[in-house]
Amino acid sequence: MAGAGEDESAPPPPSALLDQKQPMEETAAAAGKLTRLEHEHGAPDETSFRMEDLPAEVQPVIMSQLPLKEAVRTSIVSRSWRMLWTFHSDLCFDGPTPNDLDSDTDDEFAGQDSTKMKRAKFIETVNSVIQQHSGIGINKFSVRCGMHKEYTDHLDRWIGFATSSKAKIIHFNLKKIYQPFEFHHFPLEALDSQGCSFVQSLFLASVSIKPNSVISGFTILRRLVLEFVKILGDFPGLLAKCSGLEDLEIIGCYGVDNLIVPHKLDKLQHLLIAGMDIQMVEFHATDLAHFEYKGRVIPIVLHGCSKLEKATMKFNGTKALAHTFTAVPSILSVKTLHLQAFISKYAQKLPARQQGMFLHLRHMTCQLIVNSNDPNGDNGILQLANCLDVAPRLETLHLHMLCAISSSFSSGEVAGMRRHDHLKTVFMSGFRCYKAQIELACCILRNASVLEQLIIEPRITDKVWAGDCSEWNTDLGEILPGVCEWAQVTSEHFRKVISVVGASHHTTEASLAQQDEGSLQHHH
């Protein structure tokens, strides 16, 4: 390919990369502006700066700081810049959305022809770019577009370009399509076919892979993310060859019955396993700092994880809360615990355990969905009082609650909680003065000796669960006054600060004004 000094005979940049909503007049105006600035500052002299004056190897580096689309636009400004975009280091392509692609499968959709045109335009753009690009200095090659198996030739061409150019970061997200539900095979062996490992980050979604003995290894691979990938072959054997792996995420993949990796992954720091139909998880990772698991209850064994500081757990089913504190002994040393759980009539109660099992736990976040059509008769969330008993050094607690309508039940239990000498801040969202919520809050206020502030928010936040919670917040105007009144009375009783998110300034101050001068300062 020609370099930065290419003249006007060079092939034009791919027109599909240019936003059709911004006409060429804008580019011409930009060029005119440069000319006017040059005229205002006088003729070029020794002190004036022009991009052409920079060394030829520096100009592409500067152009690579722009997004690819902007780099193509900029290349039109000057003839001498015409080919600079062909040395751009990050080639990232985003295609049509999954909703657009689904319409292809039904002739009754009016937008069928439009969708096909969008896909054809996308394919034409990618092919045009990789045809004209120099293939030198590629840092990232990314494709995000729903592609049926019928487009195998194009996909193979793009994979071939990414591997031949030795891109450091390779992302192929073919956006899961259910009709037809077929995966394009991604040839892992192509990433080290020359016996030289070059990939540092590999993200694959909605493809199939087949690890085999031909693959010599990914010695410099630092990050591997597999999403909805069909895994065939020896997957633990593949991981054994990734000696430098630091981040591993396996989400919704299938084809493996167990994730048992007998080989040591000494540099692995983050491990995420979600939505997997497997029987067991077992890893040897001495440097593991953050472990995340989302799925059904299975044996989980993490060997030698003395540096584990954070765990994120979401077990399926109604016994999730108890399992988080009983089923994974490997997480006992964490300082931060984030858990998601359902609580219902069939929730498993926490067994009596000795105090101090989570001796290092400092920060805990709980996202709970409480299934009950009578929230005032449900005190299942009082299990959290037992959870706090096994974390005597806890400093902050964030509790997000959503009381969904389902089966009615009442455990009839009253919370009991040991004294806490470190718990300073507690935040509760979805707090609507239900009986169980009040009992839990009073338990905390009564037993947290150094508590500086209890913050309550009636609004159910979107962070409670993966969905949209706006439908649960339509009655805030009716709920807020009662919550504020409870906060004021309770604050006076326990002589501790209770803040209500969304309450008026004077309402909150009224609660504080009735406390003694020695009470803690209120934080808005």
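Numbers given for residues are sequential positions, taken from 1 along each chain in its written order. Where totals are concerned, whole chains, interfaces and linings use all residues; where local detail is concerned, this predicted model gives features only for residues with pLDDT of at least 70, and gives and counts side-chain atom pairs only at 80 or more. Side-chain metrics in this entry use all non-hydrogen atoms of the structure; hydrogen atoms and water are not considered.

Enquirer: Give me the overall build of the chain: which residues, what numbers.
Expert: Numbering of helices and strands runs from the N terminus, with a helix taken as a DSSP run of H or I at least four residues long and a strand as a DSSP run of E at least two residues long. Across its full length, the chain holds twelve helices and 21 strands. Residue exposure (1.4 Å probe, protein chains only): buried if accessible area is under 20% of the type maximum, exposed if over 50%, otherwise partly exposed. Expressed as a percentage of the 524 residues in the chain, the buried residues total 49%. Any two residues whose heavy atoms approach within 4.5 Å are treated as being in contact. For the chain, long-range pairs separated by at least 24 residues make up 63% of all intrachain contacts whose partners lie at least 6 apart in sequence.

Enquirer: Summarise the packing of helix α10 (residues 435-447) against helix α11 (residues 476-494); cite the residues concerned and give the values.
Expert: The angle between the axes and the distance between the axes are what describe a pair of packed helices. Lines fitted to C-alpha atoms define the axes, with helix axes restricted to the stretch in contact, and inter-axis angles between N-to-C directions lie between 0 and 180 degrees. Packing of α10 against α11 leaves a shortest axis separation of 11 Å and a crossing angle of 30°. Taken together, the axes of α10 and α11 lie roughly parallel to each other. As α10 packs across α11, the resulting crossing turns out to be right-handed. For the pair α10 and α11, contact is made by Ile438, Ala441, Cys442, Leu445 and Arg446 and by Trp486, Thr490 and Phe494, respectively. Taken together, the residues of the contact of α10 with α11 sort by class into six nonpolar, one polar and one charged. Orientation is classified from the angle alone, with under 35 degrees giving roughly parallel, over 145 giving roughly antiparallel, 65 to 115 giving roughly perpendicular, and any other angle giving oblique. Here is the rule for handedness: rotate from the far helix to the near one, and if that takes an anticlockwise turn smaller than a right angle the crossing is left-handed, while a clockwise turn gives right-handed. We call Asp, Glu, Lys and Arg charged. Ala, Val, Leu, Ile, Met, Phe, Trp, Tyr, Cys and Pro are nonpolar, and the rest, Gly among them, are polar.

Enquirer: Hey, could you go over α10 for me, with residue numbers and the actual values?
Expert: To estimate how far a helix should extend, the number of its residues minus one is multiplied by 1.5 Å. Compared with an ideal rise of 1.5 Å per residue, which puts 13 residues at 18 Å, α10 spans 18 Å between its outermost C-alpha atoms and is within 8% of the ideal. Turning to α10, its buried residues are Ala436, Gln437, Leu440, Ala441, Cys442, Cys443, Ile444, Leu445 and Asn447.

Enquirer: Could you give an account of the pattern of salt bridges, naming the residues involved and the relevant values?
Expert: A side-chain nitrogen of Lys or Arg and a carboxyl oxygen of Asp or Glu constitute a salt bridge if their distance falls within 4 Å. Applying the stated rule across the entire model yields eleven salt bridges. Here arginine 222 and glutamate 246 are joined by a salt bridge, their closest N and O atoms 4.0 Å apart. With arginine 222 in the loop between β6 (207-209) and β7 (223-227) and glutamate 246 in the loop between α7 (235-240) and β9 (247-251), this pair connects stretches of sequence that are 24 residues apart. Residue classification places glutamate 246 among the partly exposed positions, given a relative accessible area of 32%.

Enquirer: Let's hear about the sheet that holds strand β14 (residues 300-303): which residues, and what values?
Expert: At least two bridges found by DSSP between two strands is the condition for calling them paired. Taken together, the three strands give an open sheet; going across it, the order is β10-β12-β14, and neighbouring strands pair in parallel fashion. Strand pairing shows two members of the sheet lacking a second neighbour, β10 (259-264) and β14, which therefore form its edges. Taking each pair of neighbouring strands and ignoring which way they run, the sheet shows an average axis angle of 5°. Pairing between strand β12 (residues 281-284) and β14: four bridges, direction parallel. Across the sheet, the residue bridging to histidine 284 is histidine 303, located in β14.

Enquirer: Any chance you could break down the environment of lysine 424 for me, citing the residues and the numbers?
Expert: Looking at the element boundaries, lysine 424 is found in the loop between β18 (396-404) and β19 (425-429). Given the relative accessible area of 39%, lysine 424 is considered partly exposed. For the pair lysine 424 and threonine 396, spaced 28 residues apart in the sequence, the C-alpha separation amounts to 6.1 Å. Leave out the neighbours within four places in its chain, and lysine 424 touches Glu395, Val450, Leu451, Glu452 and Gln453.

Enquirer: With reference to specific residues and values, describe the packing of aromatic side chains.
Expert: We call Phe, Tyr and Trp rings a pair once their centres come within 6.5 Å, taking the six-membered ring for Trp, and we label the pair stacked below 30 degrees between planes, edge-to-face above 60, and tilted otherwise. As enumerated under the stated definition, the model contains nine aromatic pairs in all. On the numbers, 6.0 Å between centres and 35° between planes, the contact of phenylalanine 141 with phenylalanine 172 is tilted. With a gap of 31 residues between them, phenylalanine 141 in strand β2 (residues 140-144) and phenylalanine 172 in strand β3 (residues 169-173) connect regions that are remote in the sequence. Both residues of the pair, phenylalanine 141 and phenylalanine 172, belong to the buried class. Centre to centre, the rings of phenylalanine 325 and phenylalanine 358 are 5.6 Å apart; their planes meet at 65°, and the pair counts as edge-to-face. A residue pair is termed long-range when its members are at least 10 positions apart, and phenylalanine 325 in helix α8 (residues 320-326) and phenylalanine 358 in the loop between β16 (336-343) and β17 (363-371) qualify at 33 residues. On the basis of relative accessible area, phenylalanine 325 is assigned to the buried category, the value being 4%. Classification of phenylalanine 358 as buried rests on a relative accessible area of 0%. Taken together through their ring pairs, the aromatic side chains of Phe93, Phe141, Phe161, Phe172 and Phe186 make up a single cluster.

Enquirer: Report on unusual backbone geometry, specifying residues and quantitative values.
Expert: Phi angles above zero are rare outside glycine, and serine 206 is one such case at about 60°. Here serine 206 falls in the buried class, since its relative accessible area comes to 6%. Of note in this structure, cysteine 433 is not a glycine but carries a positive phi near 60°. Along the chain, cysteine 433 falls in the loop between β19 and α10.

Enquirer: Please set out the confidence of the model for the chain residue by residue, giving values where relevant.
Expert: pLDDT is defined as a per-residue confidence score from the predictor, taking values between 0 and 100. Looking at the chain, pLDDT values average 76 and 66% of them are 70 or higher. Predicted confidence for residues 18-44 stays below pLDDT 50, and this span has 15 contacts to residues more than four positions away or in other chains. Low confidence marks residues 505-524, where pLDDT is under 50. Its contacts with residues over four positions away, or in another chain, come to 26 contacts.

Enquirer: Outline helix α6 (residues 152-164), supporting the account with residue identities and numerical values.
Expert: In a regular helix each residue adds 1.5 Å, so 13 residues correspond to 18 Å; α6 covers 18 Å between its end C-alpha atoms and thus fits that length. Within α6, burial applies to Leu155, Trp158, Ile159, Phe161, Ala162 and Thr163. Just beyond α6, the residue with positive phi is lysine 166, at close to 55°.

Enquirer: Account for the nonpolar core, with residues named and values stated.
Expert: The biggest cluster of nonpolar side chains holds 123 residues, and the ones touching the most others in it are Phe141, Trp158, Phe186, Phe283 and Ile444. Non-local contacts of tryptophan 158, meaning those with residues more than four positions away in its chain, are made with Phe122, Ile123, Val126, Asn127, Ile130, Phe141, Val143, Met147 and Phe172. By size, the runner-up hydrophobic cluster in this structure holds five residues, among which are Ile369, Leu402, Ala404 and Cys469. The term nonpolar core refers to a set of buried residues drawn from Ala, Val, Leu, Ile, Met, Phe, Trp, Tyr and Cys, joined through side-chain atoms within 4.5 Å.

Enquirer: Would you mind going over the environment of threonine 425 in detail, with residue names and values included?
Expert: Mapping threonine 425 onto the fold places it in strand β19. With 28 residues separating them along the chain, threonine 425 and leucine 397 place their C-alpha atoms 6.5 Å apart. Other than its neighbours up to four places away in sequence, threonine 425 contacts Glu395, Thr396, Leu397, Leu451 and Gln453.

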